[in-house]
Amino acid sequence: MMTETERSALVERLHAVQNRIAQAARAAGRDPADIHLVAATKMNDAERVRTAIQAGLTACGENRVQELLQKYEQGAYEGADLQFIGTLQANKVKYLIGKVSMIQSVSSLKLAQCIDKEAKKHAVCQDILLEINIGREAAKSGFFVEDLGTALEALSSLHSIRIRGLMAIPPIPTGMDKSSRYFAEMHQLFVDISAKKYDNVSMDYLSMGMTADFEEAIACGANIVRIGTAIFGKRPYPMNADPTREIQ
Ligand SMILES: *Cc1c(COP(=O)(O)O)cnc(C)c1O
């Protein structure tokens, strides 16, 4: 059980994040209503997630299928939109269909084809984002930019998925290598693909920016930010350098 103090601290952090998002949007000449906050809820229990939803959180992003199913059973996400943002194995796709409005982390053609197949079985159309390995990191999954055109052509003939945009987790910044460079590259890619008008592809969402860099991401055109730590506090287990890989 959370204490009253923990509850109010969580609510305060959520509202502070919402305010920072709105400010970053206005600073970039954008409408705050166009920026969607998806809270990265991994390792935070159903009570914490529900507390955030009661305080105005409208969308949750979960990383692991097992954890999602468990919290789903507990009613953690009721009243909010649920998305998947983590590494996904093809054999687990079936558990997500019908539960998540969007799978953000589609990192290969094979995975997209598998989602299409499972969605077809359930007679639904699954919204997805394509994850781009914008920093070309060996440890990360995602499409390389040069493979994207071929992938989009292959995917445009599938009818049980709909490609709604792009997602990226840029490298941890080191010295001169700033996140904004990768965010700008992502935005350019987003604009270029929009202009090409592939069938079944609508570039509605550009998902990038986390606790450390969401304001920069908004300045560069993100309209979905995925934020965990700034809302829920530090996750209760050892952190390695990359918060998105820590529980693989
Ligand atoms: C954990 C996670 C985030 C949020 O990370 P924070 O630094 O805690 O805000 C965003 N995206 C993905 C894919 C994640 O796994």
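Above: the structure in question.
Residues numbered from 1 in each chain as written. Predicted model: local features only at pLDDT ≥ 70, side-chain atom pairs only at ≥ 80, totals over all residues. Heavy atoms only, no water.

**Some points on the overall build of the protein**
At step 1: For the protein, the helix and strand inventory stands at 9 helices and 8 strands.
At step 2: Radius of gyration (C-alpha) of the protein: 17 Å, near the 18 Å computed for a compact globule of 248 residues.
At step 3: Projecting the C-alpha coordinates of the protein onto the three principal axes gives extents of approximately 50 × 45 × 35 Å.
At step 4: Put simply, the protein has 248 residues, and 51% of those count as buried.
At step 5: In the protein, 62% of the contacts between residues at least 6 apart in sequence involve partners at least 24 apart.
At step 6: Within the structure as shown, the protein displays about 11600 Å² of accessible surface, and the carbon and sulfur contribution to it stands at 52%.
At step 7: Put simply, the protein has 29 plus and 30 minus side-chain charges, and the middle of one group is 3 Å from the middle of the other. (Helix = DSSP H or I, 4+ residues; strand = E, 2+ residues; numbered from the N terminus. Rg over C-alpha atoms; globule rule 2.2 N^0.38 Å. Buried < 20%, exposed > 50% of the residue type's maximum accessible area, 1.4 Å probe, protein only. Contact = heavy atoms within 4.5 Å. Areas by Shrake-Rupley, 256 points an atom, 1.4 Å probe, with all protein chains shown as cover. Lys, Arg positive; Asp, Glu negative; His and termini not counted. Charge placed at Lys NZ, Arg CZ, Asp CG, Glu CD.)

**Some thoughts on the nonpolar core**
At step 1: Counting residues in hydrophobic clusters, the biggest one holds 70 residues, and the most contacted among them are Leu130 and Leu166.
At step 2: In this view, Leu166 contacts Leu129, Leu130, Ile132, Leu148, Met186, Leu189, Phe190, Ile193, Met203, Tyr205, Leu206 and Ser207; residues no more than four positions away in its chain are not counted.
At step 3: Judged by nonpolar contacts, the second largest core, of 7 residues, contains Ala59, Met102, Leu129 and Ile224. (Core = buried A, V, L, I, M, F, W, Y, C linked by side-chain atoms within 4.5 Å.)

**Regarding the packing of aromatic side chains**
At step 1: For the coordinates displayed, the defined rule picks out 0 aromatic pairs.
At step 2: One Lys or Arg, Lys99, reaches over the ring of Tyr72 and ends 5.4 Å from the middle of that ring.
At step 3: In this structure, Arg136 is placed above the aromatic ring of Phe144, and the distance from its NZ or CZ to the ring centre is 4.3 Å. (Phe/Tyr/Trp six-rings, centres within 6.5 Å; stacked < 30°, edge-to-face > 60°. Lys NZ or Arg CZ within 6 Å of the ring centre and 35° of its normal.)

**Topic: helix H7 (residues 179-196)**
At step 1: End to end, H7 covers 26 Å across 18 residues, agreeing with the expected 26 Å (1.5 Å per residue, within 8%).
At step 2: Among the residues of H7, those classed as buried are Ser179, Tyr182, Phe183, Met186, Leu189, Phe190 and Ile193. When H7 is viewed along its axis, its buried side chains cluster within an angular range of 120 degrees and face the same direction.
At step 3: Buried residues in H7 make contact with strand S5 (126-132), helix H6 (148-155), strand S6 (161-168), strand S7 (201-207) and helix H8 (214-219).
At step 4: Two residues or fewer after H7 comes Lys197, characterised by a positive phi angle close to 50 degrees. (Expected span 1.5 Å × (residues − 1). Arc of directions from axis to C-beta.)

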